[in-house]
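# Overview (structure and organization)
Letter by letter, the chains look like this.
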Amino acid sequence: MQALKERILRDGKCFEGGILKVDNFINHQMDPILMKSMAVEFVRRFSGSDINKVLTIEASGIAPAIMVGYLLELPVVFAKKKKPSTMENMLSTQVFSFTKNNTYDVCVCRDYLHPGDKVLFIDDFLANGNAAKGIIDLVRQSGAELSGMGFLIEKAFQHGGDELRAMGIRVESLAIIDGLEDCRIKIRD
Ligand code: 5GP
């Protein structure tokens, strides 16, 4: 998606270890106009898919997911990164975080993800695919079906996308980064 690619080249910053910072328009300050355009693009790309629910993971996935849910007029569920003491009937799984170098629990209540649901997962980044695999596990445990996964930015050099596509999952990424060597952002045309 051209507008996102241009914005990444203009405002994105590279950090050691293959991290791309987009705090200026996605991860801290948010650009709602761009966010809306990205959601419109997801809706276009997944227009042929059967979806009744948008799923994301807190915190950075919530903004794009709610825009997609708004456009599709579908409920949006976010998986939580800490098990709330008041929440019963939980599904949970563990995810390794590449950016934070730790493992955390991800959970969702069975009331909001259950058999019959056809789920579109939306998140900000796809890197190694660990968060996505955690979500796949939660969807599997719930008996729901995964209709597709959409990411604002895929870092192709970390190969999570290859793994998900090899699993037969429909993956759509609005900008694909092929490399961040020497702090130069290489974006796929
Ligand atoms: P994965 O589980 O695919 O390795 O990483 C995905 C998660 O890690 C995303 O939800 C995102 O929050 C975070 N992440 C991975 N790589 C980056 C990055 O380069 N920049 C930022 N801002 N977050 C990232």
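Refer to the structure printed above.
Now for a look at the structure at hand. (Residues numbered from 1 in each chain as written. Predicted model: local features only at pLDDT ≥ 70, side-chain atom pairs only at ≥ 80, totals over all residues. Heavy atoms only, no water.)

### Quick word on the overall build of the protein
A tally of regular secondary structure across the protein gives 6 helices and 10 strands. For 189 residues, the compact-globule estimate of 2.2 N^0.38 gives 16 Å, and the protein sits close to it at 16 Å. Reported as C-alpha extents along the three principal axes, the dimensions of the protein are approximately 45 × 35 × 35 Å. The buried share among the 189 residues of the protein stands at 49%. Restricting to contacts in the protein with at least 6 residues of sequence separation, those with at least 24 account for 63%. Looking at the protein as shown, the accessible area adds up to about 9600 Å², and 49% of this sits on carbon and sulfur atoms. Each charge class in the protein was averaged separately, 24 positive and 25 negative side chains, and the resulting centres sit 1 Å apart. (Helix = DSSP H or I, 4+ residues; strand = E, 2+ residues; numbered from the N terminus. Rg over C-alpha atoms; globule rule 2.2 N^0.38 Å. Buried < 20%, exposed > 50% of the residue type's maximum accessible area, 1.4 Å probe, protein only. Contact = heavy atoms within 4.5 Å. Areas by Shrake-Rupley, 256 points an atom, 1.4 Å probe, with all protein chains shown as cover. Lys, Arg positive; Asp, Glu negative; His and termini not counted. Charge placed at Lys NZ, Arg CZ, Asp CG, Glu CD.)

### Details of the site of the ligand
In the vicinity of the ligand there are 16 residues, among which Leu-20, Ala-127, Gly-129, Ala-131 and Lys-155 approach most closely. Here Asn-130 contributes a backbone N or O atom positioned 3.1 Å from an oxygen atom of the ligand. Take Lys-155: an N or O atom from its side chain is 2.6 Å from an oxygen atom of the ligand. When isolated, the ligand has an accessible area of 500 Å², and the protein chains bury 87% of it. The leading source of residues in the shell around the ligand is strand E7 (residues 118-126), at 4 residues. Tallied by class, the residues present in the shell around the ligand amount to 7 nonpolar, 6 polar and 3 charged. (Near = heavy atom within 4 Å. Polar contact = N/O pair within 3.5 Å; in protein donor to acceptor, adjacent residues only side chain to side chain. Nonpolar A, V, L, I, M, F, W, Y, C, P; charged D, E, K, R; others polar.)

### Quick word on a nonpolar patch on the surface
There is a patch of nonpolar side chains on the surface, built from Val-40, Tyr-70 and Leu-71 and spanning about 310 Å² of accessible area. Mapped onto the secondary structure, Leu-71 falls in helix H4 (residues 62-72). (Patch = residues over 30% accessible without salt bridge, like charges linked within 9 Å, V, L, I, M, F, W, Y side chains within 5 Å. Salt bridge = Lys/Arg side-chain N within 4 Å of Asp/Glu carboxyl O.)

### A few points about the pattern of salt bridges
Applying the stated criterion to the full structure yields 15 salt bridges. With a shortest N-O distance of 2.7 Å, Arg-44 and Glu-41 are connected by a salt bridge. Taken together, the residues span about one helical turn, with Arg-44 and Glu-41 both in helix H3 (residues 32-45) at a distance of 3 residues. A salt bridge links Glu-41 to Arg-45; its shortest N-O distance comes to 2.8 Å. With Glu-41 and Arg-45 both in helix H3, this residue pair falls 4 residues apart, about one helical turn. Here Glu-41 falls in the buried class, since its relative accessible area comes to 14%. Ionic contacts of the salt-bridge type, sharing partners, join the residues Glu-41, Arg-44, Arg-45, Arg-170 and Glu-172 into one network.

Interpretation note: all reported values are geometric properties and have no functional meaning in isolation.
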